[in-house]
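Examining the three-dimensional arrangement
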Amino acid sequence: MLSSLEIAQAATLRPIADVAADAGIEPDELEQYGRFKGKVDLAILDRLASEPDGKIVNVTAITPTPAGEGKTTTAVALTQGLGQLGRRPVLALREASLGPVFGIKGGAAGGGYTQVVPMEDLNLHFTGDLHAITAANNLLAAVIDAHLLHGNALRIDPLTISWRRCMDMNDRALRDIVTSLGGRVNGYPRQTGFDITAASEVMGLVAVARDLGDLRARLGRITVGQTFEGEPVTADDLKAAGSMTVLLKDAIKPNLVQTLEGQPAFVHCGPFANIAHGNNSLVADRVALKLGEYLITESGFASDMGMEKFFDITCRIGGLRSSATVLVTTVRALKHHGGDIEGGMDEIEAGAANLARHIGIVKHFGLNAVVAVNKFPTDTTDELELVRGLAIERGAYAAEVNTGFEQGGKGATALAEAVVAAADEPNDFRFAYELGAPIEEKIRAIARNVYGADDVFLLKTARDKAAAFEASGLGELPICMAKTHLSLSHDASLLNAPTGFTVTVRDLRPYTGAGWIVALCGDMQTMPGLGKAAAAFAIDVDADGRTVGLF
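All figures in this text were calculated on a predicted structure; none of them were measured in a lab. (Residues numbered from 1 in each chain as written. Predicted model: local features only at pLDDT ≥ 70, side-chain atom pairs only at ≥ 80, totals over all residues. Heavy atoms only, no water.)

1. Some thoughts on the overall build of the protein chain
In terms of helices and strands, the protein chain carries 19 helices and 24 strands. Taking 551 residues into account, the globule formula puts the C-alpha radius of gyration at 24 Å, and the protein chain, at 23 Å, falls close to it. The buried share of the protein chain, reckoned over its 551 residues, is 59%. Nonlocal contacts in the protein chain, meaning residues at least 24 apart in sequence, comprise 74% of its contacts between residues at least 6 apart. In the protein chain, 50 positive and 67 negative side-chain charges are present, and the distance between their average locations comes to 4 Å. (Helix = DSSP H or I, 4+ residues; strand = E, 2+ residues; numbered from the N terminus. Rg over C-alpha atoms; globule rule 2.2 N^0.38 Å. Buried < 20%, exposed > 50% of the residue type's maximum accessible area, 1.4 Å probe, protein only. Contact = heavy atoms within 4.5 Å. Lys, Arg positive; Asp, Glu negative; His and termini not counted. Charge placed at Lys NZ, Arg CZ, Asp CG, Glu CD.)

In structure tokens form, the structure reads like this:
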């Protein structure tokens, strides 16, 4: 079988104007970026306001191995499978970050015969959204330091400045730095750091803004620090939000591409669900719901990560209601959680405790879980059937093997039929907590009811900030948990379905523009680092100038 990159490079793509027209997008609503990708103007939402919404199907997973279990591949396969059934699905995925592309994972646009294309563009600079978000974030950082140098009229206390710079690359050396060295002409030295762009609050607020006006308002509400008197200082106070909006006025428009089988796919915003909210944009969801029968939206990592945030953050802000959930699992992931990724049936049985926990999480939100067993070439028929049976025994609505990687949409028709049936069932969709609950109680509700923890423990810094946020009127914001994706707990070494643990929260960050509070758990970092064997080492161009080694 050809590599995923070779399949993508050999594919015959439809002109994006044709994809848009078939989806119901009018010519003046599409801004083309070359022949095969484009942006959709948000005016389409006004035109389609009276159209009924489709059904939301969220694609999530069990706790993954470090390499991932093919969740994007499954989301694309499901979309193509629904197309094979004559349905009208619209896919919505997150944009790829250059950090993991050149770090551990390589390409992030699906795989095999279930990909979104043009694959190289999607994984690299695409339409420039992440660069625009980086620029807007760093413009605000530059304005803050310039304000301090030029008299500090707002009386900002430099020790309270929480706004950090960002870049779209894994660079651990920038996590904790001192700026403005070299004398007064370079400003006043202070300690700060960089986050990866996906963890920037600007990324989060672009992902949940409803339109350009809402984006401008959210940018203005960003809190960067406090005055010496303890009053919050915002981007509007610094007169930076208008310029930031100008940098982002095109980035807020969702990007339209296609699957290998020609279905429309929006790829927009928000990669990481361990250090950010980890979902594609609300505007992409809203447009897709008007254009298709089904919105297939993929959340980052597992159901305790991106799915929880999709429900408790995105659906709250957008007034959305999900209809069903696809829970991706693999033979190797169950073996991993069972104690030996090279093991056999016994390890699959043991690792099914993790699968059972995630089925329970989906049910906690009042939804049906359709388990997709994503087939790898090394899986045997007996192993795949064992996983299917274990999923049904542990409460899944249905469980089907997905062979889309090798067969495209035809390999996912059984999964697609199960999803259609599950989405037609009545459900009791609900959130994990009430917004009016105290901050610590909201964190505790997530930890107990989603992660399976006994309790939470907030270190003094986090406790003090929770009290301060509540006193300043931020207590009713939702919570965005930042924790490892490799365990249901905050400790990456606790595999399978751990019990008897307490989630430690070391700090809280108020994202007043995006509209949530980030809870930093354990030793979670908001700037990843490159590993010893980075994916970047294998990426190159051949003699003909074609990319090789990307995936």
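From this point on, the discussion continues.
2. So, the nonpolar core
Grouped together as the largest cluster of nonpolar side chains are 60 residues, with contacts concentrated most on Ile 25, Phe 266, Ile 443, Ile 479 and Leu 508. With seven residues, helix α18 (residues 439-451) is the largest single contributor of residues to this core. Among the nonpolar cores identified, the runner-up in size contains 51 residues, and Ile 156, Leu 205, Ala 241 and Tyr 511 belong to it. (Core = buried A, V, L, I, M, F, W, Y, C linked by side-chain atoms within 4.5 Å.)

3. Regarding the pairing of strand β18 (residues 398-402)
Sheet analysis places strand β17 (residues 369-374) next to β18, joined by five bridges and oriented parallel. Across the sheet, Val 370 pairs through a bridge with Ala 398, a residue of β18. Between the parallel elements β17 and β18, the chain passes through helix α15 (residues 381-393) in a crossover that is right-handed. (Pairing = 2+ DSSP bridges. Right-handed = clockwise from strand over helix to strand, strands pointing away.)

4. Some remarks on the packing of aromatic side chains
Counted by the stated rule, this structure contains four aromatic pairs. Geometrically, the ring pair formed by Phe 311 and Phe 365 is tilted, given 5.1 Å between the ring centres and 55° between the ring planes. With Phe 311 in helix α12 (residues 303-318) and Phe 365 in the loop between α14 (345-364) and β17, this residue pair connects regions lying 54 residues apart in the sequence. For the pair Phe 311 and Phe 365, one class covers both residues: buried. Both rings, one in Phe 429 and one in Phe 431, keep their centres 5.6 Å apart while their planes meet at 75°; by these two values the pair is edge-to-face. Classification of Phe 429 by relative accessible area gives buried; the value is 8%. Taking relative accessible area as the criterion, Phe 431 reaches 33% and is therefore assigned partly exposed. (Phe/Tyr/Trp six-rings, centres within 6.5 Å; stacked < 30°, edge-to-face > 60°.)

5. Here's the deal with the sheet that holds strand β21 (residues 502-511)
Spatial strand order, β19-β21-β22-β20: four strands in an open sheet with mixed pairing. Sheet topology places β19 (455-458) and β20 (479-482) at the edges, where each strand pairs with a single neighbour. When strand polarity is set aside, the average angle formed by the axes of neighbouring strands in this sheet is 40°. Judged from the four bridges that link them, β19 and β21 form a sheet pairing that is parallel. Within the sheet, the bridge partner assigned to Leu 458 lies in β21 and is Val 505. Those strands touched by α12 are β20 and β22 (516-521), and its axis lies near 150° from that of β20. (Axes fitted to C-alpha atoms, helices over the stretch in contact; angles between N-to-C directions.)

6. A few points about empty space enclosed by the protein
Evaluation of the coordinates by the stated rule reveals two cavities of 30 Å³ or more. What the largest cavity holds in volume is close to 70 Å³. What lines the largest cavity is simply Glu 95, Ala 96, Leu 98, Leu 122, Leu 124, His 125, Phe 126, Asp 129, Leu 130, His 131 and Asp 168. Ranked by the residues each element gives to the lining of the largest cavity, the list is headed by helix α7 (residues 129-149), at three residues. (1 Å grid on protein atoms, 1.4 Å probe; cavity = no way out; pocket = protein on both sides within 12 Å on 5 of 7 lines; lining within 4 Å. Points joined across faces, edges and corners; volume = space filled by probe spheres on them.)

7. Some points on the pattern of salt bridges
Across all of its chains, the model carries 36 salt bridges by this definition. The shortest N-O distance in the salt bridge between Asp 41 and Lys 253 comes to 3.9 Å. Of the two residues, Asp 41 sits in the loop between β2 (38-40) and α3 (44-47) while Lys 253 sits in the loop between α10 (241-248) and β13 (255-259), which places them 212 residues apart along the sequence. Residue classification places Asp 41 among the partly exposed residues on the basis of a relative accessible area of 23%. For the salt bridge of Asp 53 with Lys 290, the shortest nitrogen-to-oxygen distance reads 3.0 Å. Of the two residues, Asp 53 sits in the loop between α3 and β3 (55-61) while Lys 290 sits in helix α11 (residues 282-291), which places them 237 residues apart along the sequence. By relative accessible area, Asp 53 is classed as partly exposed at 49%. Shared partners join several salt bridges into a network, and the residues in it are Glu 31, Asp 41, Lys 249, Asp 250 and Lys 253. (Salt bridge = Lys/Arg side-chain N within 4 Å of Asp/Glu carboxyl O.)

8. Remarks on helix α2 (residues 16-23)
Residues of α2 that are buried: Ile 16, Val 19, Ala 20 and Ala 23. Projected onto a plane normal to the axis of α2, the buried residues spread over an arc of 95° and lie on a single side. Among the exposed residues of α2, those oriented more than 90 degrees off its buried face are Ala 21 and Asp 22. Next to the buried residues of α2 lie β1 (30-32), β2, β13, β14 (264-267) and α11. (Arc of directions from axis to C-beta.)

9. What about the layout of surface pockets?
Space inside the second largest pocket adds up to approximately 1200 Å³. As for the second largest pocket, its lining consists of 43 residues, and the residues nearest its centre are Thr 160, Ile 161, Ser 162, Lys 465 and Arg 509. Elements with a contribution of two residues or more to the lining of the second largest pocket: β7 (165-167), β9 (190-192), β10 (194-196), β11 (223-226), α19 (460-471) and β21. Take the lining of the second largest pocket: its biggest share by element is six residues, from β21. In terms of residue class, the lining of the second largest pocket is built from 17 nonpolar, 15 polar and eleven charged. (Nonpolar A, V, L, I, M, F, W, Y, C, P; charged D, E, K, R; others polar.)

10. So, the pairing of β17
Summarising burial for β17: six of the six residues are buried, a large majority. The side-chain alternation of β17 yields two buried faces, one formed by Ala 369, Val 371 and Val 373 and the other by Val 370, Ala 372 and Asn 374. The pairing of strand β16 (residues 322-329) with β17 spans five bridges and is classified as parallel. Residue pairing in the sheet places Thr 325 in a bridge with Ala 369 of β17.

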